[in-house]
Amino acid sequence: MSAAVERAPVSAAVAGTGSKPTQKPPQLMWMAAPSLIFVALMVAVPLGYAIWFSLSDFRMGNAVTKFIGLSNYTRMVADPLFWNGLKITVLLYVLAIVLQLVLGLYLGLLMNRVTVLKQLVRTILISPFLMPPVVIGMMWIVILDPSLGAANYLLELMHLPPSDWLASTQLVLPVVALIDTWQWTPFVALLVLGGLQTLPTNVYEAAQIDGVSRGKIFLHITLPLLGPTLVTAAILRSVDLLRFFDLIYITTQGGPGNASRTLNIYSYQRGIEFLDMGYASAMMLTLTTIILGFVFVLTNLKKAVSW
Amino acid sequence: MVSQSSSRRIAAVSTTLQVFAVAVVLLIPVIWMALSSLKRPGEVTRYPPTVIFDPTLANYAKLFAEVPFFEYGLNSLIVSVVSTLLGLALALPCAFAISWHSVSWPATIALITRMAPGTLFVLPWFVLFSNLGMTGGYWVLILTHTVITMPLALWVLLPYFDALPRSIFESAFVDGCRGVKCLVHIAIPLVLPGLMVAIILSFIASWNYFLFALVLGGIDTKTLIVASFNFVGEGATDWGRLMAAAVLICLPPLVLIFIMQRGLISGLSGGSVKG
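Read on for a plain summary of the structure. (Residues numbered from 1 in each chain as written. Chains lettered and ligands numbered in written order. Predicted model: local features only at pLDDT ≥ 70, side-chain atom pairs only at ≥ 80, totals over all residues. Heavy atoms only, no water.)

Looking at unusual backbone geometry
And then number 1: A cis amide bond links Gly255(A) with the next residue in sequence, Pro256(A), at an omega value of -5°.
And then number 2: Positive phi values are uncommon outside glycine, yet His159(A) reaches one of about 60°.
And then number 3: Looking at the secondary structure, you find His159(A) in the loop between α6 (150-157) and α7 (172-196).
And then number 4: We note that Ser102(B) has phi near 50°; this positive angle belongs to a residue other than glycine.
And then number 5: Examined against the element boundaries, Ser102(B) turns out to sit in the loop between α4 (69-100) and α5 (105-115).
And then number 6: The exposure class assigned to Ser102(B) is partly exposed, which follows from its relative accessible area of 25%. (Helix = DSSP H or I, 4+ residues; strand = E, 2+ residues; numbered from the N terminus. Buried < 20%, exposed > 50% of the residue type's maximum accessible area, 1.4 Å probe, protein only.)

Focus on the interface of chain A and chain B
And then number 1: Listed per partner, the contact involves 108 residues of chain A and 98 residues of chain B.
And then number 2: Carbon and sulfur atoms make up 79% of the surface buried where chain A meets chain B, a total of about 9300 Å² over both sides.
And then number 3: Here chain A is connected to chain B by 12 residue pairs in polar contact (both at pLDDT 80 or more). (Contact = heavy atoms within 4.5 Å. Buried area = accessible area lost by both parts, 1.4 Å probe. Polar contact = N/O pair within 3.5 Å; in protein donor to acceptor, adjacent residues only side chain to side chain.)

Some remarks on the pattern of salt bridges
Residue and element names in this part refer to chain A.
And then number 1: All chains considered together, the criterion is met by 11 salt bridges over all chains.
And then number 2: As a salt-bridge pair, Asp276 and Arg75 come within 2.8 Å of each other at their nearest N and O atoms. Of the two residues, Asp276 sits in the loop between α11 (263-273) and α12 (277-305) while Arg75 sits in helix α2 (residues 71-77), which places them 201 residues apart along the sequence.
And then number 3: In this structure, Arg243 and Asp240 form a salt bridge, with 2.8 Å as the shortest nitrogen-oxygen distance. (Salt bridge = Lys/Arg side-chain N within 4 Å of Asp/Glu carboxyl O.)

Take a look at the structure:
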């Protein structure tokens, strides 16, 4: 969804060709005003408040709020739970994004070869990521229940020891990453499939005539040409993974212990459950900066791999 | 030639088998959820789990009898429909204008809005809307959900507007067709496929959204998503009722996906891959 950022001035040169030479193209920017005003009121104003909260000792219900400078930020740097949240966020991010890009690439290539029941298979693919995360969470809570869940029964059938899944300190992050991968790999695959269909066919014909092996074609032609598509997928998934919330809030609320308490979950809980809003805002602004930093780096990477 | 065609057949069979395996992995959990919703209380927590059982709709009946599930559904529907319409009313003229002028910064602003974590806005909103006395009402949910639907609709619609030939509008402008009239009578009919995709994706995004309704919703405006989250919190594993709720919440998005499958896929990948 970064198309418009790089949108070429589509037909600036063609502008006015159909009209009389005296006719100036009408000014229509005012039509963008309602949505810009909406964004200003609903997003820019609250953002200003969030910045103010982060510089104050604001607490809902307190009579006086005073400016405390960067104290919330120094408190953050000294808070082991902030660093734990950051660590969990990064671990979950790395685990999930690698899984989703690799499996998404595989699934996209696979889908490109499908000839029968194409439409049905694609419909199955778009279903998981358009289902509510809350429902996905409920579904896996039941399947992964340590004592009565179907997952442990499957393990039992394979003569493997039962697992605590989401209740295990060691496993909770990989399990959450896998659930997210279950939900979002099809999305990456659809992007890859769209990317594959825009690739120039003449390169492949030339390679086939030259007798290049299939492995080499993949490594030296398909993969580099898919670069921009994969980075686009990485951008879209990064944004969601770095602010991971719904699924964890439903399944573990950050537990067991702090094993799945991502930065987003931790700052939400500080802000809403403890009404510690100044401090929570400082952490959320930090997280937002991190996300936009990732997007900035990846957007530049996309320019570097474009062809 | 014979060996080539047989190796091609092996490749086709292997592709089919792999696709089948993927479909199984994707569908089994959802099927399990649906099956669990049809089991009796003793059956649903039976271990080892059963696949063959006497199905019942008792869980669904219980859902509507024990909690105001229908009212929750109506709340979800009101919020999703109105925020979708509002999002489109804002995004359509915006997409038209920025496509005509080939400017991208409003779209970039919308994109950044979409990238910030919802938790960042929810604290100030909570404070601001509480001061305005709006928390617990429908409008607070509609307005906050429009922050999700508007950028989404804008991004889905832009490539469709960009693809329209400029000359159409130029002759319309010469004929004196202006602004909103031109958008409604000329542009919208031409971007109708994109508009349908934008409507469906916005509706699903708003229907599925959790956080804003969790914090800003009231007892009377509780959405299905928040209500079912409360079931999870209630601890006692009434799995049958939980899974019945899950199935019902999934139904509107899934039905829409099945109706709109073809358009959705091109709409989903169109906006993101073209750049």
